[in-house]
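# Coordinates in review
Okay, here's what each chain looks like letter by letter:
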Amino acid sequence: MPGFAADVSHASGFDHDSSINAAPMNRPQTVDSPAERAWQRARDILLAKLGQAAFDLGVKSLRLCAATDTAVQLVAPTAAAATWIQTNHPGALEDALRAAGLPSTVDILGEGRTQGELFPGEPAAAAARRARMRFGSLVPRYTFDTFVVGGSNQFAHAACKAVAMQPGNHYNPLFLYGGVGLGKTHLANAIGHETLERQSQGRIAYLSAETFMTQLINALRRDKMEEFKATFRRVQVLILDDVQFLANRERTQEEFFHTFNALHEQRRQIVLTSDKIPKDITGLEERLRNRFEWGLIADIQPPDMETRVAILEKKAEIEGLDLSHDVAVFLASHIDSNVRELEGALTRLSAVASLSKTSITVEFARSVLKDLLRDRRTITIEAIQASVCDHYGIRIGDLLSQKRTRDIVGPRQVAMYLARKLTAASFPAIGERFGNRDHSTVIHACTTVSEKLIEDGALRAAIEQIERRLQATP
Ligand code: ADP
Ligand code: MG
C-alpha cells in the first residue's frame with residue numbers, strides 16, 4: 001500500500017504540531033513549539049478582549065492539543081469548559097486564533113466525559129442538533145445570516161442555499177472552489193447549520209479532508225474499518241472541506257471513493273470545497289475527479305470593493321464594534337485579496353484600539369495597517385534558499401544538486417522545512433523547486449527537521465535566525 005505509507009508519514013510525522021487526532025494525548029505539544037507560541041498569543045488576545053473574569057472561566061483551562069495547517073484541536077478539563085467560550089462569546093476564539101496566525105477551524109474536546117454528560121445545561125434542541133453531527137463541529141458564526149452576498153459569491157451562495165433546502169435533490173456533489181480566505185469554509189458550514197436546522201432527523205458530517213484521512217488512519221491502526229465505513233455511510237449530508245488535500249494520498253482517495261459512491265447512490269448530499277477545480281488538482285485519481293465533476297461546480301471570486309466594505313460593516317455589527325464607514329472604506333481599499341486578511345485587519349485594529357483605549361480613526365487605521373502590511377510580506381522559496389545558503393555558507397548550486405554530503409543535506413532539509421512552513425507551496429511543488437525531488441523526500445525532510453528541533457537547541461536558534469532575517473528583508 002504505497003499510498004497509505006505516504007499518508008501515514010504525513011499524518012503522524014510532519015511537524016510535531018500537525019498530528020491532529022493521531023493519538024494527540026500521547027504527544028503533547030512541546031512547550032515552545034511555534035504552534036504553542038501562537039496559542040499563547042491567542043490566549044493573550046482573548047485575555048485583552050474578554051477580561052480576566054471571562055478568561056478565567058472559559059479560556060484559562062484550555063490546552064493546545066494539536067494544530068495543523070487547517071485546524072486546531074484544544075482540550076478542556078471538563079465538558080462544560082469545552083463549550084463555554086463558543087457559547088458565550090461566539091467567534092471570539094476563532095478570531096483570536098486567526099489573529100495569532102493559527103487556522104480558525106477549531107475543535108474542543110472535553111476530557112473523559114461520556115456523550116450524555118458532555119453538554120450539561122445546553123438547550124435540548126441544540127443538544128439534539130449536536131448529537132446529529134458526526135465528526136468535527138460547525139463554527140457557530142459561519143451561517144448564511146452572517147455571510148455577505150455580492151457579485152463575487154452570489155452564484156456559490158445560491159447553490160449552497162439550494163442544497164441546504166433540499167439536500168440530495170439538486171447538485172450532487174456540490175463542488176465549491178475559490179482562493180484562500182474567500183468563504184468556502186464559511187459556506188460549507190452554513191449548509192451544515194441550515195440542514196441541521198431544517199431537518200428534524202438525519203446525521204450530517206462536516207470535516208476537512210485532512211481529518212478524514214487521520215480518522216481513516218486511526219481506524220486502520222485500531223482495526224476499526226467497519227465502524228469507520230458505517231459511520232460515514234449513515235450520514236444524510238457529508239461535507240468535506242479542502243479536498244485538494246487528498247492529492248497523492250491514494251489510500252485515502254480509495255476509501256473516499258467508496259464512501260462517495262455509497263452516499264451518492266442513496267441520494268445523500270455531498271458537498272466538497274477546494275482551492276482548485278477538479279481538473280487542476282494534480283495527484284487526484286481520474287475516477288474521483290470524474291465524480292467531483294458530476295454535480296455543480298461553483299466558484300467564489302475575490303470580493304469587489306463594495307462587498308468588502310459590507311463584510312467589514314457586518315462583522316463590526318456582529319462584534320459590537322464602532323467602525324465608521326470611512327475606516328471601513330479605507331481598510332477595504334487597502335486589503336483586496338482575501339476576506340480572511342480583511343477580517344484579520346479589523347480584529348487587529350479593534351484589539352489595538354481597545355488596549356490603547358483609542359477610537360478607530362482613519363489615521364489610527366493607517367498606522368496599524370502599516371505594520372500589518374509589512375507582516376504580510378510574502379516569502380518566496382528562492383528567498384528561503386538564498387537565506388539558508390547564506391547562513392550555512394554553501395552555494396545555491398549545491399543546495400539544488402544531487403549531492404548527499406552531510407554539510408549539504410542538513411541545510412537542504414532546513415530549507416525544505418522552511419519552504420513548507422513559510423509558503424503555501426505543497427510538498428510536490430517544493431520538491432520540484434529543489435532540483436526536481438520527489439514529494440516524499442520533502443516530507444521526510446520536514447519530519448526530520450521537526451523531530452530534531454525538539455532536542456537540538458542550536459538548530460532551533462539557527463532556524464529562528466533565518467526566519468527573522470526572511471521576515472525583515474523587503
Ligand atoms: P476559505 O475556506 O475559502 O479559505 P473561509 O470560509 O475560512 O475561507 O473565510 C475566511 C473568513 O472570511 C471567515 O472568517 C469568513 O467568515 C469570512 N468571509 C468570507 N467571505 C465572507 C462573506 N461573503 N461574508 C462574510 N464573511 C465572509
Ligand atoms: Mg477553508
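Since the structure is predicted, the reported quantities are computational estimates derived from the model, not experimental observations. (Residues numbered from 1 in each chain as written. Chains lettered and ligands numbered in written order. Predicted model: local features only at pLDDT ≥ 70, side-chain atom pairs only at ≥ 80, totals over all residues. Heavy atoms only, no water.)

### Describing the pattern of salt bridges
Where charged atoms from two side chains of opposite charge come close, those side chains can pair. We apply this condition: The salt bridge criterion pairs a side-chain nitrogen of Lys or Arg with a carboxyl oxygen of Asp or Glu, the two atoms within 4 Å. The way it works is that DSSP assigns letters per residue, a run of H or I at least four long becomes a helix, a run of E at least two long becomes a strand, and they are numbered from the N terminus. Remark: exposure states derive from per-residue accessible area (1.4 Å probe, protein chains only) relative to the maximum for the residue type, with buried under 20%, exposed over 50%, and partly exposed in between.
Scanning the entire structure with this criterion turns up 19 salt bridges. A salt bridge links Glu194 to Arg198, with the shortest nitrogen-to-oxygen separation between them at 3.0 Å. Placement of both Glu194 and Arg198 in helix H8 (residues 184-198) is noted, with a separation of 4 residues, approximately one turn of the helix. Owing to a relative accessible area of 18%, Glu194 belongs among the buried residues under this scheme. Between Glu382 and Arg433 there is a salt bridge, with its nearest N and O atoms 2.6 Å apart. One end of the pair, Glu382, is in helix H17 (residues 381-392); the other, Arg433, is in helix H20 (residues 427-433), with 51 residues separating them in the sequence. In this structure Glu382 comes out as partly exposed when scored by relative accessible area, which is 41%. Taken together, the salt bridges that share partners define one network made up of Asp95, Arg98, Arg141, Lys315 and Glu343.

### Digging into the layout of surface pockets
Test applied: In this analysis a 1.4 Å probe is tested at points of a 1 Å grid over the protein atoms alone, and where it fits but cannot get out there is a cavity; an open set with protein on both sides within 12 Å along at least five of seven lines is a pocket; lining residues have an atom within 4 Å of a point. Grid points are joined across faces, edges and corners, and a volume is the space filled by probe spheres set on the points. In this classification, the charged set is Asp, Glu, Lys and Arg, the nonpolar set is Ala, Val, Leu, Ile, Met, Phe, Trp, Tyr, Cys and Pro, and all remaining amino acids, among them Gly, are polar. Each domain span listed reflects an automatic or database assignment of domains.
If you add up the space inside the second largest pocket, you get close to 280 Å³. Together, 17 residues line the second largest pocket, and Lys49, Leu321, Ser350, Ala351 and Ser354 are the ones closest to its centre. Residue assignment for the lining of the second largest pocket shows that the elements contributing at least two residues are helix H2 (34-50), helix H5 (92-99) and helix H15 (339-355). With 5 residues, H15 is the single largest residue contributor to the lining of the second largest pocket. Here the lining of the second largest pocket is composed, by residue class, of 8 nonpolar, 5 polar and 4 charged. Residue assignment places the lining of the second largest pocket across two domains, with domain 1 (2-121) and domain 3 (305-372) each supplying three or more.

### Thoughts on the side chain of Thr273
How we decide: Residues adjacent in sequence count toward polar contacts only when both atoms are side-chain atoms; beyond that, a polar contact is any pair of N or O atoms within 3.5 Å, and within protein one must be able to donate a hydrogen and the other to accept it. Contacts are assigned to residue pairs that have any heavy atoms within 4.5 Å of one another.
Take Thr273: it is sitting in strand E8 (residues 269-274). Among the polar contacts made by the side chain of Thr273, one reaches the side chain of Asp241 at a distance of 2.3 Å. Not counting residues up to four positions away in its chain, the partners in contact with Thr273 are Leu176, Lys184, Ala188, Leu240, Asp241, Asp242, Val243 and Gln244.

### Thoughts on the site of ligand 1
Where we set the bar: We define proximity as follows: a residue is near a molecule or strand when any one of its heavy atoms falls within 4 Å of that partner. Methods summary: accessible areas were calculated by the Shrake-Rupley approach with a probe of 1.4 Å, and residue burial reflects only the protein chains presented.
Every one of the 19 residues lining ligand 1 counts as a neighbour, but Val148, Gly181, Thr185, His186 and Glu343 are closest to it. The contact in question runs from an oxygen atom of ligand 1 to an N or O atom on the backbone of Leu182, over 3.2 Å. The contact in question runs from an oxygen atom of ligand 1 to an N or O atom on the backbone of Gly183, over 3.1 Å. Protein contacts shield 96% of the accessible area of ligand 1, which totals 560 Å² for the unbound molecule. Those elements that place two or more of their residues in the shell around ligand 1 are H8 and H15. Residue composition of the shell around ligand 1, grouped by class: 7 nonpolar, 7 polar and 5 charged. Two domains each provide a minimum of three residues to the shell around ligand 1, namely domain 2 (154-300) and domain 3 (305-372).

### A few points about the packing of aromatic side chains
In plain terms, the rule: A pair of Phe, Tyr and Trp rings is counted when the ring centres sit within 6.5 Å of each other, with Trp represented by its six-membered ring. The angle between the planes then sorts it: under 30 degrees is stacked, over 60 is edge-to-face, the rest tilted. Our definition puts a charge over a ring when NZ of Lys or CZ of Arg is within 6 Å of the ring centre and also within 35 degrees of the ring normal.
Counting across every chain of the model gives 9 aromatic pairs. Their ring planes at 40° and their centres at 5.8 Å tell us that Phe175 and Phe292 sit as a pair that is tilted. Residue Phe175 is located in strand E5 (residues 174-178), and its partner Phe292 is located in helix H12 (residues 286-292); the two are separated by 117 residues in the primary sequence. Of the two residues, Phe175 and Phe292, neither departs from the other in class, the shared state being buried. Of the aromatic side chains, those joined through ring pairs into one cluster are Phe175, Phe212, Phe228, Phe232, Phe256, Phe260, Phe292 and Trp294. Just above the ring of Phe257 sits the side chain of Arg287; from NZ or CZ to the centre is 3.8 Å.

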